[in-house]
Amino acid sequence: MIVTGGASGIGLETSRSLAAAGASVTIAARRLREAEEIVGALRQSTANDAIEARALDLADLNSVRAFIDGWKGPLHALVNNAGIMALPVLERSPEGCEMQFATNFLGHFALTLGLHRHLAEAGDARVVCVSSTGSLFGPVLWDDPHFRFIPYDPLFAYAQSKTACILLSVGIAQRWAGSGITSNALHPGAIATNLQRYTGGLRTPEALRKTLRQGAATSVLLAASPALKGVSGRYFEDCNVAPVCNERPSAALAGVAPYALDGSNAERLWELALDLMTPQT
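The rules behind the values
Throughout, a residue's number is its position along its own chain's written sequence, starting from 1. It should be noted that, the model being predicted, local features are given only for residues of pLDDT at least 70 and side-chain atom pairs only at 80 or more, the latter also being counted only at that level, while totals for whole chains, interfaces and linings use all residues. Hydrogen atoms and water are omitted, and side-chain values are computed over all heavy atoms in the structure. The term salt bridge refers to a pairing of a side-chain nitrogen on Lys or Arg with a carboxyl oxygen on Asp or Glu at a separation within 4 Å. The cut-offs for exposure are 20% and 50% of the maximum accessible area for each residue type, with area from a 1.4 Å probe on protein chains only; residues under the lower value are buried, those over the upper are exposed, and the others partly exposed. A run of DSSP states H or I qualifies as a helix once it reaches four residues; a run of E qualifies as a strand once it reaches two. Both are numbered from the N-terminal end. In this description, strands pair whenever DSSP reports at least two bridges between them. By the convention used here, residues are in contact when the closest approach between their heavy atoms is within 4.5 Å. A fitted line through C-alpha atoms represents every axis, and for helices the fit uses only the stretch in contact; the resulting angles, taken between N-to-C directions, go from 0 to 180 degrees. Put simply, a nonpolar core is a bunch of buried Ala, Val, Leu, Ile, Met, Phe, Trp, Tyr and Cys residues held in one set by side-chain atoms that sit within 4.5 Å of each other. Under this scheme an angle from 65 to 115 degrees is roughly perpendicular, one under 35 degrees roughly parallel, and one over 145 degrees roughly antiparallel; angles in between are oblique. Should the near helix be turned anticlockwise from the far one by less than a right angle, the crossing is left-handed, and should it be turned clockwise, the crossing is right-handed. Only Asp, Glu, Lys and Arg are considered charged in this grouping, and only Ala, Val, Leu, Ile, Met, Phe, Trp, Tyr, Cys and Pro are considered nonpolar; every other residue, Gly among them, is considered polar. Here a polar contact is taken to be a pair of N or O atoms separated by no more than 3.5 Å, where protein atoms must pair a possible hydrogen donor with a possible acceptor and residues adjacent in sequence count only if both atoms sit in side chains.

## Describing the pattern of salt bridges
Where charged atoms of side chains with opposite charge meet at close range, the side chains can pair.
Phase 1: Tallying each qualifying case throughout the model produces 7 salt bridges.
Phase 2: With its nearest N and O atoms 3.3 Å apart, the salt bridge here joins Arg-31 to Glu-34.
Phase 3: The class of Arg-31 is partly exposed, set by a relative accessible area of 44%.
Phase 4: According to the relative accessible area criterion, Glu-34 is partly exposed, its value standing at 46%.
Phase 5: Residue Arg-175 is joined to Glu-267 by a salt bridge in which the shortest nitrogen-to-oxygen separation is 3.1 Å. Here the residue Arg-175 occupies a position in helix α6 (residues 154-175), and Glu-267 occupies one in helix α8 (residues 263-277), the gap between them amounting to 92 residues.
Phase 6: Of the residues examined, Arg-175 reaches a relative accessible area of 34% and is grouped as partly exposed.
Phase 7: Each of Arg-175, Glu-267 and Glu-271 takes part in salt bridges that share partners, so that together they form one network.

The following block contains the structure:
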């Protein structure tokens, strides 16, 4: 199994839980040296030596291609966990994409697409896409996803990227069922991690917050539980399928917007992502 961003936050807890259950876990991380130190601690705490770290910068498609080229053999689960949130100023990837869209979605799309044959080789493989209730703040901005005309808004850019993560799972469910690959997306819950460093910290009331272990639970469920065999194209929170809501809740955020599960939106996003991955002449 591969866990992107698996050396910190809920990604680390996801890696730990999967390794403790006996899985061979590859932590894909931008800061390789730090990840390798985490690997040593995980091997000791889980009594599982089948844990390794490999370099991956999701914002750089060259790094994604190098990771794909280095992968050998079957892949039973890919947990697209890594992410960034609410960058205060507009930043762009080497390809010119808005950085949250590039990191949270496009890099994971390229990684997933490149690992397709390894997932298919495994049989009954799973792709898990970590999203957020932040998706309730907005859909994909089809005509201007990179904020070249629309004034940049950190939260709206984050919302777009997390809606795209859900649509990636929907697209996989529509396109790859014949390869024995399923995919589901999830909201891990409100957990205080380094992800909120640009938002002034987690603002969710303490009574509604989760621990890191609780936050990783839904990712682990989707990656490994026999109960999810054959289930695909869904969005989960609190280890259950989330309800569809027709407007953003005014109180505690929960559920998923119809635009994030729409099959035609998933197809449109897939084609957009393929176009973004194609070198421009």
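And the narrative resumes.
## Let's talk about the sheet that holds strand β6 (residues 181-187)
Phase 1: As summarised here, the arrangement of the 8 strands in space is β3-β2-β1-β4-β5-β6-β7-β8, forming an open sheet in which the pairing is mixed. Both outer strands of the open sheet, β3 (51-55) and β8 (240-241), are each paired with one neighbouring strand and no more.
Phase 2: Where β6 and strand β7 (residues 235-237) come together, 3 bridges link them in parallel fashion. Residue pairing in the sheet places His-187 in a bridge with Glu-237 of β7.
Phase 3: Docked against the sheet, helix α2 (residues 32-46) engages β2 (25-29) and β3, running at close to 170 degrees with respect to β3.

## What about the nonpolar core?
Phase 1: If you look at the biggest cluster of nonpolar residues, it comprises 46 residues, and the most contacted ones within it are Ile-2, Val-64, Phe-105, Leu-111, Leu-115 and Leu-119.
Phase 2: Looking at this core, the elements that each hand over two or more residues are α3 (61-69), α4 (99-114), α5 (116-122), β5 (125-130), α6, β6 and α8.
Phase 3: Element by element, the count of residues in this core is highest for α4, at 7 residues.
Phase 4: Filtering out sequence-adjacent residues up to four positions away, Leu-115 remains in contact with Ile-2, Ile-68, Trp-71, Leu-75 and Leu-78.
Phase 5: Of all hydrophobic cores here, the second largest spans 27 residues; its members include Met-1, Ala-19, Ile-51 and Phe-236.

## Section: the packing of α3 against α4
Phase 1: In contact at an axis separation of 9 Å, α3 and α4 are set at 25 degrees when each is read in the N-to-C sense. Compared by their axis directions, α3 and α4 come out roughly parallel. Relative to α4, α3 is oriented so that their crossing is right-handed. For the pair formed by α3 and α4, the contact residues are Leu-61, Val-64, Phe-67 and Ile-68 on the first element and Leu-106, Gly-107, Ala-110, Leu-111 and Gly-114 on the second.
Phase 2: Here the contact of α3 with α4 is composed, by residue class, of 7 nonpolar, 2 polar and no charged.

## Some remarks on the side chain of Asn-104
Phase 1: Mapped onto the fold, Asn-104 is located in helix α4.
Phase 2: For Asn-104, a relative accessible area of 1% corresponds to the buried category.
Phase 3: In this structure the side chain of Asn-104 is engaged in a polar contact, spanning 3.0 Å, whose partner is the side chain of Ser-161.
Phase 4: Not counting chain neighbours up to four residues away, the residues in contact with Asn-104 comprise Ala-82, Gly-83, Ile-84, Tyr-158, Ser-161, Lys-162 and Cys-165.

## Considerations on unusual backbone geometry
Phase 1: Positive phi values are uncommon outside glycine, yet Ala-86 reaches one of about 55 degrees.
Phase 2: Within the element layout of this structure, Ala-86 appears in the loop between β4 (77-80) and α4.
Phase 3: Residue class for Ala-86 comes out buried when judged on its relative accessible area of 8%.
Phase 4: We note that Cys-239 has phi near 60 degrees; this positive angle belongs to a residue other than glycine.

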